[in-house]
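Coordinate analysis (summary)
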Amino acid sequence: MPTILDSPPANVRNDLDALRNGLDTFIPRKNAGDLLIATWNLRMFSSLTRKWTAQASDTPKRDLRGLLAIGEIVSRFDVVALQEVMGDLRALRDLLLLLGERWAFLMTDVTLGQAGNHERMAFLFDLERVRPSGLACELVVPPEWEKEIEATALRRQFARTPYAVSFKTGAATFILVTLHVEYGRDAAGRVPELRGIARWMAEWAARENRWHHNLLTLGDFNIDRHGDDLWRAFTSTGLHVPADLVSLPRTIFSEPGNPDTGKFYDQVAWFQEGSRRLLSMEYLSGGNFDFLPYVYTDANLSRNSISFRVSDHYPLWARFGIDRT
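First, a word on what this report is: a plain description of the structure on this page. (Residues numbered from 1 in each chain as written. Predicted model: local features only at pLDDT ≥ 70, side-chain atom pairs only at ≥ 80, totals over all residues. Heavy atoms only, no water.)

**A short note on the packing of helix α2 (residues 64–74) against helix α3 (residues 90–99)**
Running from amino to carboxyl end, α2 crosses α3 at an angle of 55°, the nearest separation of the two axes being 10 Å. Judged by the angle between their axes, α2 and α3 are oblique. Note that α2 runs across α3; the crossing there is right-handed. Contacts between α2 and α3 pair Leu64, Leu67, Leu68, Ile70, Gly71 and Val74 from the former with Ala91, Asp94, Leu95, Leu98 and Leu99 from the latter. In the contact of α2 with α3, the residues fall into nine nonpolar, one polar and one charged. (Axes fitted to C-alpha atoms, helices over the stretch in contact; angles between N-to-C directions. Helix = DSSP H or I, 4+ residues; strand = E, 2+ residues; numbered from the N terminus. Parallel < 35°, antiparallel > 145°, perpendicular 65-115°, else oblique. Left-handed = near helix turned anticlockwise from the far one by under 90°. Contact = heavy atoms within 4.5 Å. Nonpolar A, V, L, I, M, F, W, Y, C, P; charged D, E, K, R; others polar.)

**A short note on the sheet that holds strand β4 (residues 120–126)**
One open sheet accounts for six strands, arranged β3-β4-β2-β1-β13-β12; its pairing is mixed. At either end of the open sheet lies a strand with only one pairing partner, and these are β3 (103–107) and β12 (282–288). With strand direction ignored, the average angle separating the axes of adjacent strands in the sheet is 20°. In the sheet, β3 pairs with β4 via five bridges, with the strands oriented antiparallel. If you follow Ala104 over to β4, its bridge partner there is Phe125. Along the sheet face, α2 touches β1 (34–45), β2 (79–85), β3 and β4 and points at about 160° away from the line of β1. (Pairing = 2+ DSSP bridges.)

What follows is the structure, given as structure tokens:
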């Protein structure tokens, strides 16, 4: 049985070489003056079939080939927030083995119950670039919120508790809050959670020394479209999404120019007043990364099949200028 550290066969090496070239083209290289943060919903990131290419009879479909691609993409960032990390950690353990000792992680326990879907929230981070700075917590709804009578008020705890961790690099300290909003039966059912996280973030930011701690939220917010009720709920307290991230496709099933498939589930956001950014870090650029042209190029797999081997979401990233002295 092969392992993630074994030399892969020629077809997998060819894909990896192409993937690295694609990443070099579309993702900025790490340098001393910037910080690269990403969010990625890795579809049902759980167990692993330790074959280079899983066959139709294999379960799960995520294989070493897909995990190598995930590892290559993750390694290009300083911190990555992961959603849909499940109870079984086999794939995560192999991913960390692949990334090596310079990488570490923090994560929650699984969220029990049907709405929680047994998911974890996790952060993977490059220890040569960032370090945890002391805070790791889950966001809990105050009891008073559950007594409010407004139609869009949050009446219970978040389905999957948002997870916040603080990091430090050079002179910069930043707090990342990640979550995965419950999809629910319809879009209207997601509004209370989105309003709840926006309110929680605003009240926390007001306590955080006028935002000097660089408070950002990122994850899968299950927002259907820019400008819809979900978007307005998310941005209702001043959360700002940079313009160059707004129109990017979030999933591998999105069709450019077709509003019916242009879901805007994943976001990276912070507080801003007009044109005044309430961060000490300078936002430089951002984007997604389309891995489809570089994976399983010889396997004749459908997009849906690839979604279970790599993901159905693209990674979404943001680059900030910082002072590491």
